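Below, each chain spelled out in residue letters.
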Amino acid sequence: MKILADLHVHTLASGHAYSTIEETAKAAAAKGLEMIAITDHGPAMPGGPHQYYFGNLRVLPPEIHGVEILRGAEVNILDEQGSLDLQEYYLKRLDIVLAGLHNVCMEPLCQKKNTKALVNALQNPYVDIIVHPGNPDFPIDMEKVVQTAKQQNKALEINNSSFLVRKGSRKPCREIARLAREYGILVSISSDSHFSGNVGELDLAVEVALDAGIPAENILNINGDRVRRFLARRGKRRFVSQSDGK
Ligand SMILES: [Zn+2]
Ligand SMILES: [Zn+2]
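Treat the numbers as computed from the prediction; the structure is a model and nothing was measured.

1. Re the overall build of the chain
So, point 1. In terms of helices and strands, the chain carries 10 helices and eight strands.
So, point 2. Taken over C-alpha atoms, the radius of gyration comes to 16 Å for the chain, in line with the 18 Å a tight globule of 246 residues would show.
So, point 3. Burial statistics for the chain: of 246 residues in total, 56% are counted as buried.
So, point 4. Of the contacts made within the chain by residues no fewer than 6 positions apart, 78% connect residues no fewer than 24 positions apart.
So, point 5. Of note, the chain has its 29 positive side-chain charges centred 4 Å away from the centre of its 29 negative side-chain charges.

Okay, here's the thing in C-alpha coordinates:
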(Lines give C-alpha, C1' and ligand atoms only; values in the text may rest on other atoms or scores of the structure.)
(Ligands and ions follow the chains in the order given, each with its own letter.)
Protein backbone atom coordinates (compact mmCIF):
# COMPACT_ATOMS: atom_id res chain seq x y z
CA MET A 1 0.00 0.00 0.00
CA LYS A 2 1.41 3.37 -1.04
CA ILE A 3 0.40 6.30 1.17
CA LEU A 4 0.87 9.67 -0.52
CA ALA A 5 0.18 12.17 2.28
CA ASP A 6 1.94 12.54 5.62
CA LEU A 7 -0.23 14.61 7.96
CA HIS A 8 2.06 14.85 10.98
CA VAL A 9 5.45 16.48 10.40
CA HIS A 10 7.63 18.67 12.64
CA THR A 11 10.17 21.32 11.71
CA LEU A 12 12.76 23.46 13.53
CA ALA A 13 9.94 25.56 14.99
CA SER A 14 8.93 22.73 17.33
CA GLY A 15 12.10 23.33 19.34
CA HIS A 16 13.17 19.67 19.34
CA ALA A 17 13.04 18.89 15.59
CA TYR A 18 15.89 19.44 13.20
CA SER A 19 14.87 20.36 9.66
CA THR A 20 13.32 23.32 7.88
CA ILE A 21 10.01 23.23 5.97
CA GLU A 22 12.01 23.53 2.74
CA GLU A 23 14.24 20.54 3.58
CA THR A 24 11.24 18.49 4.65
CA ALA A 25 9.30 19.29 1.48
CA LYS A 26 12.32 18.35 -0.62
CA ALA A 27 12.64 15.01 1.16
CA ALA A 28 8.89 14.41 0.74
CA ALA A 29 9.14 15.12 -3.00
CA ALA A 30 12.04 12.67 -3.33
CA LYS A 31 9.87 9.98 -1.72
CA GLY A 32 6.98 10.67 -4.08
CA LEU A 33 4.61 12.17 -1.50
CA GLU A 34 1.83 14.43 -2.82
CA MET A 35 1.13 16.28 0.41
CA ILE A 36 2.53 17.00 3.86
CA ALA A 37 1.01 18.83 6.80
CA ILE A 38 3.39 21.04 8.76
CA THR A 39 2.22 20.37 12.31
CA ASP A 40 4.61 21.93 14.78
CA HIS A 41 3.88 21.62 18.49
CA GLY A 42 1.64 24.19 20.14
CA PRO A 43 3.05 26.94 22.38
CA ALA A 44 2.75 24.95 25.63
CA MET A 45 5.49 22.56 24.50
CA PRO A 46 8.87 23.58 25.98
CA GLY A 47 10.76 25.22 23.11
CA GLY A 48 7.60 25.40 21.01
CA PRO A 49 6.72 28.45 18.90
CA HIS A 50 4.68 31.46 19.94
CA GLN A 51 1.12 31.38 18.63
CA TYR A 52 2.04 34.08 16.09
CA TYR A 53 4.00 31.37 14.27
CA PHE A 54 0.72 29.64 13.44
CA GLY A 55 -0.97 32.88 12.40
CA ASN A 56 1.77 33.66 9.93
CA LEU A 57 1.84 30.24 8.22
CA ARG A 58 -0.29 31.87 5.53
CA VAL A 59 2.91 33.23 3.97
CA LEU A 60 3.85 29.70 2.89
CA PRO A 61 3.16 28.85 -0.73
CA PRO A 62 0.51 26.14 -1.20
CA GLU A 63 3.13 23.87 -2.80
CA ILE A 64 6.89 23.51 -2.24
CA HIS A 65 9.00 21.27 -4.55
CA GLY A 66 5.71 20.03 -6.02
CA VAL A 67 4.40 18.84 -2.62
CA GLU A 68 1.17 20.37 -1.35
CA ILE A 69 1.76 22.00 2.03
CA LEU A 70 -0.99 22.04 4.66
CA ARG A 71 -0.64 24.70 7.35
CA GLY A 72 -1.30 22.87 10.56
CA ALA A 73 -0.48 22.44 14.21
CA GLU A 74 -0.18 19.66 16.74
CA VAL A 75 -1.89 21.38 19.62
CA ASN A 76 -1.59 20.27 23.22
CA ILE A 77 -4.56 19.13 25.24
CA LEU A 78 -4.06 20.77 28.62
CA ASP A 79 -6.70 19.32 30.94
CA GLU A 80 -9.65 16.98 31.22
CA GLN A 81 -11.95 19.69 29.80
CA GLY A 82 -9.98 19.32 26.57
CA SER A 83 -8.62 22.90 26.64
CA LEU A 84 -6.09 23.53 23.88
CA ASP A 85 -2.97 25.71 23.84
CA LEU A 86 -3.91 27.65 20.70
CA GLN A 87 -6.69 30.24 20.61
CA GLU A 88 -9.70 29.94 18.33
CA TYR A 89 -8.43 32.89 16.26
CA TYR A 90 -5.51 30.71 15.10
CA LEU A 91 -7.30 27.36 15.05
CA LYS A 92 -9.89 28.58 12.57
CA ARG A 93 -7.23 29.80 10.14
CA LEU A 94 -5.32 26.52 9.92
CA ASP A 95 -5.87 23.90 7.21
CA ILE A 96 -5.60 21.02 9.67
CA VAL A 97 -5.47 20.67 13.46
CA LEU A 98 -4.06 17.66 15.27
CA ALA A 99 -4.52 17.42 19.03
CA GLY A 100 -2.82 15.14 21.51
CA LEU A 101 -1.66 14.45 25.02
CA HIS A 102 1.99 15.04 25.94
CA ASN A 103 3.19 14.51 29.47
CA VAL A 104 5.24 17.72 29.55
CA CYS A 105 2.01 19.66 28.91
CA MET A 106 -0.47 17.61 30.93
CA GLU A 107 0.39 15.17 33.71
CA PRO A 108 -1.21 11.80 32.96
CA LEU A 109 -4.46 11.54 34.95
CA CYS A 110 -6.56 8.46 35.74
CA GLN A 111 -8.04 6.52 32.83
CA LYS A 112 -11.42 8.21 33.22
CA LYS A 113 -9.98 11.74 33.10
CA ASN A 114 -7.55 11.00 30.25
CA THR A 115 -10.53 9.66 28.29
CA LYS A 116 -12.55 12.76 29.09
CA ALA A 117 -9.70 14.97 27.85
CA LEU A 118 -9.67 13.17 24.46
CA VAL A 119 -13.47 13.02 24.17
CA ASN A 120 -13.72 16.76 24.85
CA ALA A 121 -10.93 17.52 22.38
CA LEU A 122 -12.75 15.44 19.74
CA GLN A 123 -15.84 17.58 20.33
CA ASN A 124 -13.89 20.77 19.61
CA PRO A 125 -15.03 21.78 16.10
CA TYR A 126 -11.52 22.76 14.99
CA VAL A 127 -9.82 19.47 15.87
CA ASP A 128 -9.53 17.05 12.94
CA ILE A 129 -7.32 14.20 14.19
CA ILE A 130 -6.32 12.88 17.62
CA VAL A 131 -2.65 11.92 17.54
CA HIS A 132 -1.06 8.90 19.19
CA PRO A 133 -4.16 7.82 21.16
CA GLY A 134 -2.26 4.59 21.86
CA ASN A 135 0.35 6.41 23.99
CA PRO A 136 0.87 4.01 26.93
CA ASP A 137 1.59 6.96 29.29
CA PHE A 138 -2.08 7.95 29.02
CA PRO A 139 -4.36 4.96 29.59
CA ILE A 140 -7.80 5.61 28.08
CA ASP A 141 -11.13 3.90 27.49
CA MET A 142 -10.31 3.19 23.86
CA GLU A 143 -13.80 2.13 22.89
CA LYS A 144 -15.22 5.42 24.11
CA VAL A 145 -12.62 7.44 22.21
CA VAL A 146 -13.21 5.44 19.01
CA GLN A 147 -16.99 5.84 19.36
CA THR A 148 -16.60 9.60 19.82
CA ALA A 149 -14.33 9.82 16.76
CA LYS A 150 -17.04 8.00 14.80
CA GLN A 151 -19.82 10.32 16.00
CA GLN A 152 -17.72 13.36 15.16
CA ASN A 153 -16.49 11.98 11.82
CA LYS A 154 -12.89 12.52 12.84
CA ALA A 155 -9.77 10.42 12.49
CA LEU A 156 -7.51 8.73 15.01
CA GLU A 157 -3.85 8.37 14.27
CA ILE A 158 -1.57 5.38 14.07
CA ASN A 159 1.79 7.04 14.70
CA ASN A 160 4.86 5.41 13.17
CA SER A 161 7.24 7.10 15.65
CA SER A 162 5.34 5.59 18.59
CA PHE A 163 6.88 2.22 17.74
CA LEU A 164 10.36 3.78 17.84
CA VAL A 165 10.19 6.26 20.71
CA ARG A 166 7.19 5.45 22.94
CA LYS A 167 8.02 2.22 24.72
CA GLY A 168 5.07 -0.12 25.19
CA SER A 169 3.10 1.34 22.28
CA ARG A 170 2.64 -1.83 20.26
CA LYS A 171 -0.15 -3.38 22.31
CA PRO A 172 -2.30 -0.26 22.81
CA CYS A 173 -1.83 0.82 19.17
CA ARG A 174 -2.92 -2.61 17.95
CA GLU A 175 -6.00 -2.35 20.13
CA ILE A 176 -6.85 1.11 18.76
CA ALA A 177 -6.40 -0.26 15.22
CA ARG A 178 -8.66 -3.23 15.97
CA LEU A 179 -11.41 -0.95 17.31
CA ALA A 180 -10.94 1.46 14.41
CA ARG A 181 -11.68 -1.41 12.02
CA GLU A 182 -14.60 -2.66 14.11
CA TYR A 183 -16.27 0.77 14.16
CA GLY A 184 -15.20 1.66 10.62
CA ILE A 185 -13.60 5.00 11.54
CA LEU A 186 -10.99 6.88 9.58
CA VAL A 187 -7.35 6.48 10.59
CA SER A 188 -4.42 8.70 9.74
CA ILE A 189 -1.12 6.85 9.36
CA SER A 190 1.56 9.39 10.11
CA SER A 191 5.32 9.61 10.53
CA ASP A 192 5.46 12.28 13.28
CA SER A 193 8.88 12.99 11.77
CA HIS A 194 11.24 15.32 13.62
CA PHE A 195 13.91 15.16 10.87
CA SER A 196 13.43 15.53 7.11
CA GLY A 197 14.78 12.03 6.41
CA ASN A 198 11.89 10.51 8.36
CA VAL A 199 9.05 12.19 6.49
CA GLY A 200 6.79 9.56 4.90
CA GLU A 201 8.34 6.74 6.96
CA LEU A 202 5.19 4.78 7.74
CA ASP A 203 6.01 1.07 7.46
CA LEU A 204 5.58 0.11 11.11
CA ALA A 205 2.23 1.88 11.39
CA VAL A 206 1.01 0.49 8.05
CA GLU A 207 1.80 -3.01 9.27
CA VAL A 208 -0.33 -2.47 12.40
CA ALA A 209 -3.21 -1.11 10.30
CA LEU A 210 -3.04 -4.00 7.82
CA ASP A 211 -2.80 -6.61 10.59
CA ALA A 212 -5.97 -5.14 12.12
CA GLY A 213 -7.71 -5.43 8.73
CA ILE A 214 -8.32 -1.68 8.27
CA PRO A 215 -9.45 -1.29 4.64
CA ALA A 216 -7.70 1.19 2.34
CA GLU A 217 -10.90 3.26 2.06
CA ASN A 218 -10.67 4.07 5.78
CA ILE A 219 -7.13 5.41 5.55
CA LEU A 220 -7.61 9.16 5.46
CA ASN A 221 -4.21 10.08 4.08
CA ILE A 222 -3.87 7.51 1.32
CA ASN A 223 -3.75 10.43 -1.15
CA GLY A 224 -4.07 14.19 -1.27
CA ASP A 225 -7.49 14.09 -2.88
CA ARG A 226 -9.03 12.15 0.00
CA VAL A 227 -7.48 14.57 2.53
CA ARG A 228 -8.80 17.60 0.62
CA ARG A 229 -12.31 16.15 0.54
CA PHE A 230 -12.16 15.37 4.28
CA LEU A 231 -11.02 18.92 5.08
CA ALA A 232 -13.70 20.43 2.83
CA ARG A 233 -16.34 18.41 4.72
CA ARG A 234 -14.80 19.66 7.96
CA GLY A 235 -15.37 23.21 6.75
CA LYS A 236 -11.72 24.22 6.42
CA ARG A 237 -11.64 27.52 4.55
CA ARG A 238 -8.96 26.62 2.02
CA PHE A 239 -10.75 23.49 0.84
CA VAL A 240 -14.35 24.63 1.10
CA SER A 241 -13.61 27.37 -1.42
CA GLN A 242 -11.75 24.92 -3.72
CA SER A 243 -14.62 22.43 -3.80
CA ASP A 244 -17.50 24.95 -3.62
CA GLY A 245 -18.64 23.20 -0.48
CA LYS A 246 -19.31 19.91 -2.30
ZN1 LIG B 1 2.86 14.27 19.74
ZN1 LIG C 1 4.24 15.20 16.76
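2. Digging into the packing of helix α4 (residues 111-123) against helix α5 (residues 142-152)
For any two helices packed against each other, the geometry comes down to the angle between their axes and how far apart the axes lie.
So, point 1. At their nearest, the axes of α4 and α5 sit 10 Å apart, and the two run at 5 degrees to each other. By the angle between their axes, α4 is roughly parallel relative to α5. In this structure, α4 uses T115, L118, V119, L122 and Q123 to contact α5, whose residues at the interface are K144, V145, T148, A149 and Q152.
So, point 2. Residues of the contact of α4 with α5, tallied by class, amount to five nonpolar, four polar and one charged.

3. Section: the pairing of strand β5 (residues 96-100)
So, point 1. Across the five residues that make up β5, a large majority, five, are buried.
So, point 2. Side-chain alternation along β5 places I96, L98 and G100 on one buried face and V97 and A99 on a second face that is also buried.
So, point 3. Relative to β5, strand β4 (residues 67-76) runs parallel, the two being bridged by five bridges. Following the sheet pairing, A73 is matched in β5 by V97.
So, point 4. Summarising the sheet, β5 and strand β6 (residues 129-130) pair through two bridges and their orientation is parallel. Across the sheet, residue L98 finds its bridge partner in β6, namely I129.
So, point 5. For the crossover from β5 across α4 to β6, the handedness is right-handed.

4. With respect to the coordination of the zinc ion (ligand 2)
So, point 1. Here the zinc ion (ligand 2) is held by H8 (NE2), H10 (NE2), E74 (OE) and D192 (OD), and the distances to it run 2.0 to 2.2 Å.
So, point 2. A separation of 3.4 Å is found between the zinc ion (ligand 2) and the zinc ion (ligand 1), which share E74 as a coordinating residue. Taken together, the positions of H10 in the loop between β1 (5-9) and α1 (21-30) and E74 in strand β4 put the pair 64 residues apart, joining distant regions of the chain.
So, point 3. Take H10: its relative accessible area is 0%, and that puts it in the buried class.

5. Describing the coordination of the zinc ion (ligand 1)
So, point 1. Binding of the zinc ion (ligand 1) to the protein goes through E74 (OE), H102 (NE2) and H132 (NE2), at separations of 2.1 to 2.2 Å.
So, point 2. Sequence spacing of the donor residues for the zinc ion (ligand 1), all on one chain, is E-x27-H-x29-H.

6. Notes on the packing of aromatic side chains
So, point 1. One pass over the structure, following the stated rule, counts two aromatic pairs.
So, point 2. Seen in terms of ring centroids, Y53 and F54 are 5.2 Å apart; in terms of plane orientation they differ by 90 degrees. Their pairing is edge-to-face.
So, point 3. With relative accessibility at 3%, the residue F54 sits in the buried group.
So, point 4. With centroids separated by 5.0 Å and ring planes inclined at 80 degrees, the aromatic side chains of Y89 and Y90 adopt a geometry described as edge-to-face.
So, point 5. Owing to a relative accessible area of 47%, Y89 belongs among the partly exposed residues under this scheme.
So, point 6. Its relative accessible area of 10% is what places Y90 among the buried residues.
So, point 7. Over the aromatic face of Y89 sits the side chain of R93, whose NZ or CZ is 3.7 Å from the ring centroid.

7. Observations regarding the state of the cysteines
So, point 1. With the rule as written, the count across this model stands at zero disulfides.
So, point 2. Free cysteine C105: the closest other cysteine sulfur is in C110, separated by 19 Å.
So, point 3. The structure places no disulfide on C173, whose sulfur is separated from the nearest cysteine sulfur, that of C105, by 19 Å.

8. Here we look at the nonpolar core
So, point 1. I36, I77, I130, I189 and I214 are the most contacted members of the largest nonpolar core, which totals 61 residues.
So, point 2. Here the element with the most residues in this core is helix α7 (residues 170-183); it accounts for six residues.
So, point 3. Formed by 17 residues, the second largest nonpolar core is a distinct cluster that contains M35, V131, L186 and A232.

9. Focus on the pattern of salt bridges
So, point 1. For the structure shown, the criterion picks out 14 salt bridges.
So, point 2. Two residues, E68 and R228, come together in a salt bridge whose shortest N-O distance is 2.4 Å. Residue E68 is found in strand β4, and its partner R228 is found in helix α9 (residues 224-233); the two are separated by 160 residues along the sequence.
So, point 3. The salt bridge partner of R166 is D192, with a shortest N-O separation of 3.4 Å.

Conventions adopted
Residues numbered from 1 in each chain as written. Chains lettered and ligands numbered in written order. Predicted model: local features only at pLDDT ≥ 70, side-chain atom pairs only at ≥ 80, totals over all residues. Heavy atoms only, no water. Helix = DSSP H or I, 4+ residues; strand = E, 2+ residues; numbered from the N terminus. Rg over C-alpha atoms; globule rule 2.2 N^0.38 Å. Buried < 20%, exposed > 50% of the residue type's maximum accessible area, 1.4 Å probe, protein only. Contact = heavy atoms within 4.5 Å. Lys, Arg positive; Asp, Glu negative; His and termini not counted. Charge placed at Lys NZ, Arg CZ, Asp CG, Glu CD. Axes fitted to C-alpha atoms, helices over the stretch in contact; angles between N-to-C directions. Parallel < 35°, antiparallel > 145°, perpendicular 65-115°, else oblique. Nonpolar A, V, L, I, M, F, W, Y, C, P; charged D, E, K, R; others polar. Pairing = 2+ DSSP bridges. Right-handed = clockwise from strand over helix to strand, strands pointing away. Donors = N, O, S within 2.8 Å, 3.2 Å for Na, K, Ca; no water. Phe/Tyr/Trp six-rings, centres within 6.5 Å; stacked < 30°, edge-to-face > 60°. Lys NZ or Arg CZ within 6 Å of the ring centre and 35° of its normal. Disulfide = S-S within 2.5 Å. Core = buried A, V, L, I, M, F, W, Y, C linked by side-chain atoms within 4.5 Å. Salt bridge = Lys/Arg side-chain N within 4 Å of Asp/Glu carboxyl O.

That's the geometry; what it means functionally is another story.
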